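Spelled out, the chains give:
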Amino acid sequence: MAVLSDFLPLPEGDRQYPLEYIETNGVIKLSETESEVTIGIVESSAGLEEDLKNFHDKPVVFYILDKSDLSAYLARQQSAGTGSISGRNESGGNAHTLDKLANDAPVVNLVNSIIIDAISRGASDIHIESFPERATVRYRIDGILIPNRTIDRKMFPALSSRIKIMANMNIMERRLPQDGRITVKMAGHDVDLRVSVVPIAGGESIVLRLLNKRSRLLSLEELGFSRRATELMRSLSGKPHGLILMTGPTGSGKTTTLNSIIGEINDPSVKIITIEDPVEYEIDGVDQVQTNEKIGLTFESILRRVLRQDPDIIMVGEIRDRATAELAVRASMTGHLVLSTVHTNDSVSVLHRMINMGVEPYLLAGVLRGAMAQRLVRKLCPFCRREDRPDTLESRLLNENGIAAESLFKPGGCDKCGGTGYSGRLVISETFISDEKLEDLIASAVPTAEIQEYLRTLGFIPLHRDGLEKAVRGLTSIKEVEKAVLL
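Note that the structure is a prediction, hence the values are computed from the model and not measured.

1. As for the pairing of strand β3 (residues 60-64)
In summary, the side chains of a regular strand alternate between the two faces of the sheet.
(1) Moving on: Where strand β2 (residues 37-41) and β3 come together, five bridges link them in parallel fashion. Each residue of the ladder has a partner; that of I39, found in β3, is F62.

What follows is the structure in C-alpha coordinates.
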(Lines give C-alpha, C1' and ligand atoms only; values in the text may rest on other atoms or scores of the structure.)
Protein backbone atom coordinates (compact mmCIF):
# COMPACT_ATOMS: atom_id res chain seq x y z
CA MET A 1 0.00 0.00 0.00
CA ALA A 2 1.38 3.37 -1.06
CA VAL A 3 1.80 6.38 1.25
CA LEU A 4 1.26 9.91 -0.07
CA SER A 5 4.32 11.25 1.70
CA ASP A 6 6.50 9.01 -0.48
CA PHE A 7 5.40 10.96 -3.57
CA LEU A 8 5.83 14.53 -2.34
CA PRO A 9 5.59 17.05 -3.83
CA LEU A 10 2.27 16.01 -5.40
CA PRO A 11 1.07 17.65 -8.62
CA GLU A 12 -0.92 20.82 -7.91
CA GLY A 13 -3.20 23.27 -9.67
CA ASP A 14 -4.05 22.41 -13.26
CA ARG A 15 -1.78 19.35 -13.07
CA GLN A 16 -3.94 17.77 -10.34
CA TYR A 17 -7.52 16.50 -10.42
CA PRO A 18 -10.19 18.81 -8.93
CA LEU A 19 -10.80 18.30 -5.20
CA GLU A 20 -14.42 17.32 -5.84
CA TYR A 21 -13.27 14.54 -8.16
CA ILE A 22 -10.62 13.34 -5.73
CA GLU A 23 -13.11 13.26 -2.86
CA THR A 24 -15.93 11.62 -4.84
CA ASN A 25 -13.84 8.91 -6.50
CA GLY A 26 -11.06 8.32 -3.97
CA VAL A 27 -8.36 8.88 -6.56
CA ILE A 28 -5.38 11.28 -6.80
CA LYS A 29 -2.56 11.88 -9.24
CA LEU A 30 0.72 11.03 -7.50
CA SER A 31 3.12 12.02 -10.26
CA GLU A 32 3.33 12.53 -13.99
CA THR A 33 6.20 12.43 -16.44
CA GLU A 34 6.33 12.68 -20.21
CA SER A 35 6.08 8.90 -20.45
CA GLU A 36 3.90 7.81 -17.50
CA VAL A 37 1.18 8.82 -15.01
CA THR A 38 1.16 7.43 -11.46
CA ILE A 39 -2.24 7.41 -9.73
CA GLY A 40 -3.25 6.54 -6.19
CA ILE A 41 -6.64 4.90 -5.71
CA VAL A 42 -8.43 4.06 -2.46
CA GLU A 43 -10.42 1.14 -3.82
CA SER A 44 -9.63 -0.77 -7.00
CA SER A 45 -12.38 -0.30 -9.60
CA ALA A 46 -12.17 -1.64 -13.14
CA GLY A 47 -14.55 1.03 -14.44
CA LEU A 48 -12.73 3.94 -12.79
CA GLU A 49 -9.33 2.65 -13.84
CA GLU A 50 -10.54 2.25 -17.42
CA ASP A 51 -11.84 5.84 -17.42
CA LEU A 52 -8.50 7.16 -16.19
CA LYS A 53 -6.57 5.15 -18.77
CA ASN A 54 -8.77 6.58 -21.52
CA PHE A 55 -8.39 10.10 -20.13
CA HIS A 56 -4.60 10.11 -20.16
CA ASP A 57 -2.76 9.68 -23.44
CA LYS A 58 0.12 7.78 -21.83
CA PRO A 59 0.61 4.63 -19.74
CA VAL A 60 -0.93 4.68 -16.24
CA VAL A 61 0.35 2.96 -13.08
CA PHE A 62 -2.00 2.48 -10.09
CA TYR A 63 -1.15 2.26 -6.38
CA ILE A 64 -3.61 1.43 -3.59
CA LEU A 65 -3.90 4.21 -0.97
CA ASP A 66 -5.17 4.15 2.59
CA LYS A 67 -8.47 6.06 2.82
CA SER A 68 -7.38 7.94 5.95
CA ASP A 69 -4.23 9.11 4.17
CA LEU A 70 -6.27 10.62 1.35
CA SER A 71 -8.78 12.12 3.80
CA ALA A 72 -5.97 13.88 5.63
CA TYR A 73 -4.72 15.33 2.34
CA LEU A 74 -8.18 16.61 1.46
CA ALA A 75 -8.60 18.18 4.89
CA ARG A 76 -5.31 20.05 4.50
CA GLN A 77 -6.23 21.30 1.04
CA GLN A 78 -9.71 22.45 2.04
CA SER A 79 -8.50 24.20 5.18
CA ALA A 80 -5.93 26.00 3.06
CA GLY A 81 -8.66 27.13 0.66
CA THR A 82 -7.05 25.31 -2.27
CA GLY A 83 -9.16 24.33 -5.28
CA SER A 84 -12.47 25.49 -6.66
CA ILE A 85 -15.85 26.16 -5.08
CA SER A 86 -17.03 23.13 -3.17
CA GLY A 87 -20.62 22.05 -3.38
CA ARG A 88 -22.90 19.26 -4.40
CA ASN A 89 -25.47 18.86 -7.11
CA GLU A 90 -29.16 18.66 -6.26
CA SER A 91 -28.92 15.01 -5.18
CA GLY A 92 -26.74 16.17 -2.30
CA GLY A 93 -29.29 18.72 -1.21
CA ASN A 94 -27.02 21.77 -1.43
CA ALA A 95 -27.22 24.41 -4.15
CA HIS A 96 -24.16 26.02 -5.67
CA THR A 97 -23.94 29.68 -4.68
CA LEU A 98 -23.23 31.77 -7.75
CA ASP A 99 -23.31 35.20 -6.17
CA LYS A 100 -19.94 34.93 -4.41
CA LEU A 101 -17.35 35.14 -7.15
CA ALA A 102 -14.40 36.67 -5.29
CA ASN A 103 -11.19 34.64 -5.00
CA ASP A 104 -12.48 31.77 -7.16
CA ALA A 105 -10.46 30.01 -9.84
CA PRO A 106 -10.80 31.57 -13.34
CA VAL A 107 -12.67 28.58 -14.76
CA VAL A 108 -15.17 28.69 -11.89
CA ASN A 109 -15.69 32.39 -12.46
CA LEU A 110 -16.21 31.74 -16.17
CA VAL A 111 -18.86 29.05 -15.62
CA ASN A 112 -20.58 31.16 -12.99
CA SER A 113 -20.62 34.26 -15.20
CA ILE A 114 -22.08 32.29 -18.13
CA ILE A 115 -24.92 30.94 -15.99
CA ILE A 116 -25.57 34.26 -14.21
CA ASP A 117 -25.67 36.13 -17.52
CA ALA A 118 -28.07 33.56 -19.01
CA ILE A 119 -30.43 33.76 -16.03
CA SER A 120 -30.33 37.57 -16.03
CA ARG A 121 -31.18 37.72 -19.73
CA GLY A 122 -34.07 35.28 -19.40
CA ALA A 123 -32.48 32.52 -21.50
CA SER A 124 -34.12 29.10 -21.62
CA ASP A 125 -30.96 27.24 -22.70
CA ILE A 126 -27.18 27.65 -22.75
CA HIS A 127 -25.24 26.06 -25.62
CA ILE A 128 -21.48 25.66 -25.13
CA GLU A 129 -19.71 24.04 -28.08
CA SER A 130 -16.09 23.17 -28.71
CA PHE A 131 -14.84 23.33 -32.29
CA PRO A 132 -11.27 22.66 -33.56
CA GLU A 133 -10.29 26.35 -33.50
CA ARG A 134 -12.59 27.88 -30.89
CA ALA A 135 -15.29 27.33 -28.28
CA THR A 136 -18.54 29.31 -28.38
CA VAL A 137 -21.37 30.15 -26.00
CA ARG A 138 -24.91 30.86 -27.24
CA TYR A 139 -28.12 31.60 -25.34
CA ARG A 140 -31.60 30.65 -26.51
CA ILE A 141 -33.78 33.68 -25.78
CA ASP A 142 -37.42 33.80 -26.90
CA GLY A 143 -36.75 30.66 -28.94
CA ILE A 144 -33.83 32.13 -30.92
CA LEU A 145 -30.16 31.18 -30.45
CA ILE A 146 -28.06 34.29 -29.87
CA PRO A 147 -24.20 34.22 -29.86
CA ASN A 148 -22.83 35.39 -26.52
CA ARG A 149 -19.08 34.94 -26.42
CA THR A 150 -16.08 33.06 -27.80
CA ILE A 151 -13.81 31.16 -25.41
CA ASP A 152 -10.17 30.23 -25.81
CA ARG A 153 -10.19 26.65 -27.07
CA LYS A 154 -7.56 25.73 -24.47
CA MET A 155 -9.97 26.62 -21.65
CA PHE A 156 -12.76 24.34 -22.85
CA PRO A 157 -11.56 21.09 -21.18
CA ALA A 158 -11.44 22.82 -17.79
CA LEU A 159 -14.84 24.46 -18.39
CA SER A 160 -16.33 21.11 -19.40
CA SER A 161 -14.87 19.40 -16.32
CA ARG A 162 -16.28 22.10 -14.02
CA ILE A 163 -19.80 21.67 -15.42
CA LYS A 164 -19.51 17.88 -15.18
CA ILE A 165 -18.44 18.14 -11.54
CA MET A 166 -21.41 20.37 -10.75
CA ALA A 167 -23.75 17.94 -12.56
CA ASN A 168 -22.23 14.88 -10.84
CA MET A 169 -20.96 13.47 -14.14
CA ASN A 170 -17.81 11.53 -14.92
CA ILE A 171 -15.21 14.15 -15.90
CA MET A 172 -12.97 11.48 -17.40
CA GLU A 173 -15.65 10.33 -19.87
CA ARG A 174 -15.34 12.09 -23.20
CA ARG A 175 -16.46 9.32 -25.54
CA LEU A 176 -20.10 8.82 -24.52
CA PRO A 177 -23.04 11.22 -24.00
CA GLN A 178 -23.89 12.08 -20.38
CA ASP A 179 -26.89 13.65 -18.66
CA GLY A 180 -27.05 15.34 -15.27
CA ARG A 181 -28.75 17.99 -13.18
CA ILE A 182 -27.53 21.02 -11.25
CA THR A 183 -29.27 23.29 -8.78
CA VAL A 184 -27.74 26.75 -8.45
CA LYS A 185 -28.68 29.59 -6.14
CA MET A 186 -28.83 33.17 -7.36
CA ALA A 187 -30.18 36.13 -5.40
CA GLY A 188 -31.76 33.75 -2.90
CA HIS A 189 -33.67 31.73 -5.53
CA ASP A 190 -32.99 28.20 -6.77
CA VAL A 191 -32.61 27.55 -10.49
CA ASP A 192 -32.54 23.98 -11.81
CA LEU A 193 -30.40 23.13 -14.82
CA ARG A 194 -30.69 19.98 -16.90
CA VAL A 195 -27.28 19.23 -18.41
CA SER A 196 -26.59 17.26 -21.58
CA VAL A 197 -23.06 16.58 -22.84
CA VAL A 198 -22.55 14.97 -26.27
CA PRO A 199 -19.17 14.28 -27.95
CA ILE A 200 -18.78 16.04 -31.33
CA ALA A 201 -15.99 16.09 -33.92
CA GLY A 202 -14.28 19.14 -32.42
CA GLY A 203 -14.75 18.19 -28.77
CA GLU A 204 -18.08 18.37 -26.94
CA SER A 205 -21.47 20.06 -27.12
CA ILE A 206 -22.81 21.05 -23.69
CA VAL A 207 -26.42 22.20 -23.33
CA LEU A 208 -27.87 23.48 -20.05
CA ARG A 209 -31.65 23.96 -19.87
CA LEU A 210 -32.66 26.52 -17.24
CA LEU A 211 -35.73 25.90 -15.08
CA ASN A 212 -36.26 28.85 -12.77
CA LYS A 213 -38.16 27.68 -9.69
CA ARG A 214 -39.16 31.20 -8.76
CA SER A 215 -41.15 31.57 -11.97
CA ARG A 216 -44.78 31.97 -11.00
CA LEU A 217 -47.57 30.19 -12.80
CA LEU A 218 -49.09 32.41 -15.46
CA SER A 219 -52.79 32.45 -16.26
CA LEU A 220 -54.00 31.25 -19.65
CA GLU A 221 -54.65 34.86 -20.61
CA GLU A 222 -51.11 35.86 -19.64
CA LEU A 223 -49.72 33.05 -21.79
CA GLY A 224 -51.44 34.62 -24.77
CA PHE A 225 -54.44 32.36 -25.35
CA SER A 226 -57.41 34.02 -27.04
CA ARG A 227 -60.67 34.42 -25.15
CA ARG A 228 -62.29 31.62 -27.14
CA ALA A 229 -59.37 29.22 -26.58
CA THR A 230 -59.34 30.05 -22.86
CA GLU A 231 -63.05 29.30 -22.57
CA LEU A 232 -62.65 25.98 -24.39
CA MET A 233 -59.75 24.88 -22.20
CA ARG A 234 -61.54 25.85 -19.01
CA SER A 235 -64.56 23.91 -20.20
CA LEU A 236 -62.35 20.85 -20.77
CA SER A 237 -60.55 21.12 -17.43
CA GLY A 238 -63.92 21.25 -15.68
CA LYS A 239 -64.84 17.74 -16.85
CA PRO A 240 -65.17 15.22 -13.99
CA HIS A 241 -63.27 12.49 -15.85
CA GLY A 242 -61.80 11.64 -19.23
CA LEU A 243 -58.63 12.32 -21.21
CA ILE A 244 -57.38 15.76 -22.29
CA LEU A 245 -54.34 15.90 -24.59
CA MET A 246 -51.96 18.77 -25.34
CA THR A 247 -49.75 18.51 -28.41
CA GLY A 248 -46.93 20.39 -30.07
CA PRO A 249 -43.17 20.09 -30.71
CA THR A 250 -40.51 20.18 -28.01
CA GLY A 251 -40.18 23.66 -26.53
CA SER A 252 -43.66 24.83 -27.55
CA GLY A 253 -44.78 25.43 -23.95
CA LYS A 254 -47.05 22.40 -23.51
CA THR A 255 -45.97 21.66 -19.94
CA THR A 256 -46.26 25.31 -18.94
CA THR A 257 -49.85 25.38 -20.20
CA LEU A 258 -50.75 22.16 -18.40
CA ASN A 259 -49.26 23.54 -15.18
CA SER A 260 -51.34 26.70 -15.59
CA ILE A 261 -54.46 24.56 -15.97
CA ILE A 262 -53.50 22.52 -12.90
CA GLY A 263 -52.97 25.76 -10.97
CA GLU A 264 -56.47 26.94 -11.91
CA ILE A 265 -58.29 23.72 -10.95
CA ASN A 266 -56.21 23.13 -7.82
CA ASP A 267 -58.57 22.86 -4.86
CA PRO A 268 -58.40 21.23 -1.40
CA SER A 269 -61.44 19.13 -2.28
CA VAL A 270 -59.60 17.22 -5.04
CA LYS A 271 -56.39 15.19 -5.02
CA ILE A 272 -54.11 16.10 -7.90
CA ILE A 273 -50.97 14.13 -8.76
CA THR A 274 -48.53 15.10 -11.51
CA ILE A 275 -45.80 12.96 -13.07
CA GLU A 276 -43.16 15.22 -14.63
CA ASP A 277 -39.67 15.24 -16.14
CA PRO A 278 -38.63 17.44 -14.45
CA VAL A 279 -40.92 19.24 -12.00
CA GLU A 280 -40.78 22.77 -13.45
CA TYR A 281 -43.22 24.60 -11.16
CA GLU A 282 -43.83 23.78 -7.52
CA ILE A 283 -47.60 24.02 -6.93
CA ASP A 284 -48.78 24.13 -3.34
CA GLY A 285 -51.30 21.39 -2.58
CA VAL A 286 -50.39 19.24 -5.60
CA ASP A 287 -48.48 15.94 -5.27
CA GLN A 288 -45.70 16.23 -7.86
CA VAL A 289 -43.57 13.22 -8.77
CA GLN A 290 -40.37 13.48 -10.83
CA THR A 291 -39.34 10.67 -13.14
CA ASN A 292 -35.90 9.08 -12.93
CA GLU A 293 -35.32 6.48 -15.61
CA LYS A 294 -31.94 5.49 -14.13
CA ILE A 295 -33.73 3.86 -11.18
CA GLY A 296 -36.78 2.70 -13.13
CA LEU A 297 -39.09 5.62 -12.32
CA THR A 298 -40.64 6.03 -15.78
CA PHE A 299 -43.95 7.68 -16.65
CA GLU A 300 -45.51 4.24 -17.02
CA SER A 301 -44.16 2.73 -13.78
CA ILE A 302 -45.10 5.78 -11.70
CA LEU A 303 -48.58 5.98 -13.26
CA ARG A 304 -49.30 2.38 -12.23
CA ARG A 305 -48.58 3.25 -8.60
CA VAL A 306 -50.25 6.65 -8.70
CA LEU A 307 -53.55 4.96 -9.57
CA ARG A 308 -53.45 3.37 -6.09
CA GLN A 309 -53.23 6.81 -4.48
CA ASP A 310 -56.94 7.59 -5.04
CA PRO A 311 -56.33 10.71 -7.20
CA ASP A 312 -59.08 12.76 -8.80
CA ILE A 313 -56.86 14.41 -11.39
CA ILE A 314 -53.62 13.07 -12.89
CA MET A 315 -51.21 15.01 -15.08
CA VAL A 316 -48.74 12.82 -17.03
CA GLY A 317 -45.88 14.84 -18.49
CA GLU A 318 -45.78 12.87 -21.74
CA ILE A 319 -47.34 9.81 -23.37
CA ARG A 320 -44.55 8.30 -25.41
CA ASP A 321 -45.27 4.56 -25.55
CA ARG A 322 -48.09 2.01 -25.68
CA ALA A 323 -47.94 1.07 -21.99
CA THR A 324 -48.34 4.67 -20.81
CA ALA A 325 -51.07 5.36 -23.40
CA GLU A 326 -53.10 2.33 -22.32
CA LEU A 327 -52.73 3.22 -18.64
CA ALA A 328 -53.82 6.81 -19.29
CA VAL A 329 -56.91 5.58 -21.15
CA ARG A 330 -57.72 3.06 -18.42
CA ALA A 331 -57.40 5.74 -15.74
CA SER A 332 -59.71 7.99 -17.76
CA MET A 333 -62.28 5.19 -17.93
CA THR A 334 -62.27 4.63 -14.17
CA GLY A 335 -63.33 8.08 -13.02
CA HIS A 336 -60.09 10.10 -13.27
CA LEU A 337 -59.44 13.27 -15.23
CA VAL A 338 -56.12 12.71 -17.02
CA LEU A 339 -54.13 15.48 -18.71
CA SER A 340 -51.07 14.71 -20.80
CA THR A 341 -48.95 15.68 -23.81
CA VAL A 342 -48.25 13.92 -27.09
CA HIS A 343 -45.84 14.93 -29.86
CA THR A 344 -47.81 15.68 -33.05
CA ASN A 345 -48.07 18.66 -35.37
CA ASP A 346 -51.69 19.57 -34.70
CA SER A 347 -54.59 18.71 -32.41
CA VAL A 348 -56.39 16.34 -34.82
CA SER A 349 -53.26 14.27 -35.49
CA VAL A 350 -53.24 13.26 -31.83
CA LEU A 351 -56.07 10.83 -32.61
CA HIS A 352 -54.07 8.72 -35.03
CA ARG A 353 -50.94 9.04 -32.87
CA MET A 354 -52.75 7.42 -29.95
CA ILE A 355 -54.22 4.74 -32.22
CA ASN A 356 -50.77 4.05 -33.70
CA MET A 357 -49.45 3.57 -30.15
CA GLY A 358 -51.94 0.74 -29.71
CA VAL A 359 -55.05 2.37 -28.21
CA GLU A 360 -58.23 0.92 -29.68
CA PRO A 361 -60.23 3.58 -31.57
CA TYR A 362 -63.45 2.82 -29.72
CA LEU A 363 -61.70 3.21 -26.34
CA LEU A 364 -60.11 6.51 -27.38
CA ALA A 365 -63.47 7.76 -28.62
CA GLY A 366 -65.06 6.96 -25.29
CA VAL A 367 -62.53 8.77 -23.07
CA LEU A 368 -61.15 11.68 -25.13
CA ARG A 369 -62.76 14.96 -24.06
CA GLY A 370 -60.70 17.20 -26.29
CA ALA A 371 -57.24 18.13 -27.56
CA MET A 372 -55.17 21.28 -27.88
CA ALA A 373 -52.17 22.17 -30.02
CA GLN A 374 -49.93 25.17 -29.53
CA ARG A 375 -46.81 26.99 -30.71
CA LEU A 376 -44.81 29.87 -29.27
CA VAL A 377 -44.21 32.98 -31.37
CA ARG A 378 -42.27 36.10 -30.49
CA LYS A 379 -44.26 39.15 -29.43
CA LEU A 380 -43.78 42.47 -31.16
CA CYS A 381 -42.03 44.90 -28.83
CA PRO A 382 -44.63 47.44 -27.63
CA PHE A 383 -41.94 50.10 -27.03
CA CYS A 384 -40.55 50.35 -30.57
CA ARG A 385 -43.61 49.52 -32.63
CA ARG A 386 -44.99 52.46 -34.59
CA GLU A 387 -48.39 53.67 -33.47
CA ASP A 388 -49.33 54.66 -37.03
CA ARG A 389 -48.72 51.17 -38.42
CA PRO A 390 -51.32 49.79 -40.87
CA ASP A 391 -53.94 47.66 -39.14
CA THR A 392 -55.42 45.66 -42.01
CA LEU A 393 -54.34 42.09 -42.62
CA GLU A 394 -53.62 42.84 -46.28
CA SER A 395 -51.27 45.73 -45.50
CA ARG A 396 -49.48 43.73 -42.81
CA LEU A 397 -48.97 40.88 -45.25
CA LEU A 398 -47.41 43.37 -47.66
CA ASN A 399 -45.18 44.69 -44.89
CA GLU A 400 -44.00 41.20 -43.92
CA ASN A 401 -43.21 40.39 -47.55
CA GLY A 402 -40.70 43.23 -47.52
CA ILE A 403 -42.55 45.90 -49.46
CA ALA A 404 -42.70 48.37 -46.58
CA ALA A 405 -41.45 46.50 -43.55
CA GLU A 406 -39.90 49.64 -42.06
CA SER A 407 -43.40 50.95 -41.29
CA LEU A 408 -43.79 48.35 -38.54
CA PHE A 409 -41.00 49.59 -36.27
CA LYS A 410 -39.36 52.80 -35.30
CA PRO A 411 -35.93 53.23 -36.92
CA GLY A 412 -33.26 51.46 -34.86
CA GLY A 413 -35.70 49.78 -32.52
CA CYS A 414 -35.32 50.36 -28.78
CA ASP A 415 -33.23 49.27 -25.79
CA LYS A 416 -36.07 47.11 -24.42
CA CYS A 417 -35.75 44.49 -27.15
CA GLY A 418 -32.15 45.09 -28.18
CA GLY A 419 -33.25 46.47 -31.53
CA THR A 420 -34.81 43.15 -32.65
CA GLY A 421 -38.40 44.42 -32.67
CA TYR A 422 -39.50 41.52 -30.46
CA SER A 423 -39.80 41.06 -26.71
CA GLY A 424 -41.10 37.89 -25.04
CA ARG A 425 -43.33 35.20 -26.54
CA LEU A 426 -47.00 34.30 -26.67
CA VAL A 427 -49.08 31.26 -27.58
CA ILE A 428 -50.97 30.54 -30.78
CA SER A 429 -53.26 27.55 -30.43
CA GLU A 430 -56.12 25.39 -31.66
CA THR A 431 -58.57 23.42 -29.53
CA PHE A 432 -61.44 21.03 -30.16
CA ILE A 433 -63.95 19.45 -27.80
CA SER A 434 -65.35 16.01 -28.56
CA ASP A 435 -69.07 15.36 -29.11
CA GLU A 436 -71.19 12.35 -30.08
CA LYS A 437 -70.59 12.81 -33.81
CA LEU A 438 -66.85 13.13 -33.31
CA GLU A 439 -66.85 10.05 -31.08
CA ASP A 440 -68.43 8.07 -33.92
CA LEU A 441 -65.82 9.35 -36.39
CA ILE A 442 -62.94 8.46 -34.02
CA ALA A 443 -64.38 5.01 -33.30
CA SER A 444 -64.64 4.38 -37.04
CA ALA A 445 -60.97 5.41 -37.51
CA VAL A 446 -61.87 7.71 -40.41
CA PRO A 447 -59.11 9.71 -42.18
CA THR A 448 -57.85 12.90 -40.52
CA ALA A 449 -59.20 15.04 -43.38
CA GLU A 450 -62.77 13.90 -42.63
CA ILE A 451 -62.45 14.80 -38.96
CA GLN A 452 -60.96 18.20 -39.84
CA GLU A 453 -63.86 18.88 -42.21
CA TYR A 454 -66.38 18.07 -39.46
CA LEU A 455 -64.58 20.33 -36.97
CA ARG A 456 -64.68 23.20 -39.47
CA THR A 457 -68.46 22.97 -39.47
CA LEU A 458 -68.32 23.55 -35.71
CA GLY A 459 -66.25 26.73 -36.09
CA PHE A 460 -62.87 25.16 -35.32
CA ILE A 461 -60.08 27.76 -35.54
CA PRO A 462 -56.77 26.19 -36.68
CA LEU A 463 -53.32 27.24 -35.50
CA HIS A 464 -52.48 29.42 -38.49
CA ARG A 465 -55.75 31.33 -38.23
CA ASP A 466 -55.21 32.06 -34.55
CA GLY A 467 -51.70 33.28 -35.45
CA LEU A 468 -52.96 35.53 -38.23
CA GLU A 469 -55.59 37.04 -35.95
CA LYS A 470 -52.90 37.87 -33.38
CA ALA A 471 -50.76 39.38 -36.14
CA VAL A 472 -53.65 41.60 -37.22
CA ARG A 473 -53.99 42.80 -33.63
CA GLY A 474 -50.30 43.77 -33.64
CA LEU A 475 -49.27 41.15 -31.06
CA THR A 476 -46.89 39.26 -33.36
CA SER A 477 -45.82 39.31 -37.00
CA ILE A 478 -46.77 37.27 -40.05
CA LYS A 479 -43.14 36.21 -40.29
CA GLU A 480 -43.31 34.67 -36.80
CA VAL A 481 -46.53 32.85 -37.64
CA GLU A 482 -44.97 31.51 -40.82
CA LYS A 483 -42.00 30.18 -38.85
CA ALA A 484 -44.27 28.44 -36.33
CA VAL A 485 -46.92 27.09 -38.69
CA LEU A 486 -46.70 26.20 -42.36
CA LEU A 487 -49.16 28.58 -44.04
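Let us keep going from here.
2. Describing the environment of L243
(1) Moving on: Within the secondary structure layout, L243 lies in strand β11 (residues 242-247).
(2) Moving on: Take L243: its relative accessible area is 0%, and that puts it in the buried class.
(3) Moving on: Here the alpha-carbon distance between L243 and A328, two residues 85 residues apart in the chain, equals 7.6 Å.
(4) Moving on: Sequence-distant contacts of L243, defined by excluding residues within four places in its chain, comprise A328, V329, S332, V338, M354, L364, V367, L368, R369 and G370.

3. Comments concerning the pairing of strand β12 (residues 272-276)
(1) Moving on: Counting buried residues in β12 gives five out of five residues, a clear majority hidden from the surface.
(2) Moving on: Going residue by residue along β12, you find I272, T274 and E276 tucked away on one face and I273 and I275 tucked away on the opposite face as well.
(3) Moving on: Relative to strand β14 (residues 313-316), β12 is paired through four bridges, and the arrangement is parallel. Counterpart to T274 in the pairing with β14 is M315.
(4) Moving on: Note that β12 and strand β13 (residues 287-290) share four bridges and pair parallel. Bridge pairing in β13 links T274 to Q288.

4. Some points on the packing of aromatic side chains
(1) Moving on: Per the stated rule, a full pass over the model turns up two aromatic pairs.
(2) Moving on: A cation over an aromatic ring shows up here: R378 above the ring of Y422, its NZ or CZ 4.1 Å from the ring centre.

Reading guide: rules and limits
- Residues numbered from 1 in each chain as written.
- Predicted model: local features only at pLDDT ≥ 70, side-chain atom pairs only at ≥ 80, totals over all residues.
- Heavy atoms only, no water.
- Pairing = 2+ DSSP bridges.
- Helix = DSSP H or I, 4+ residues; strand = E, 2+ residues; numbered from the N terminus.
- Buried < 20%, exposed > 50% of the residue type's maximum accessible area, 1.4 Å probe, protein only.
- Contact = heavy atoms within 4.5 Å.
- Phe/Tyr/Trp six-rings, centres within 6.5 Å; stacked < 30°, edge-to-face > 60°.
- Lys NZ or Arg CZ within 6 Å of the ring centre and 35° of its normal.

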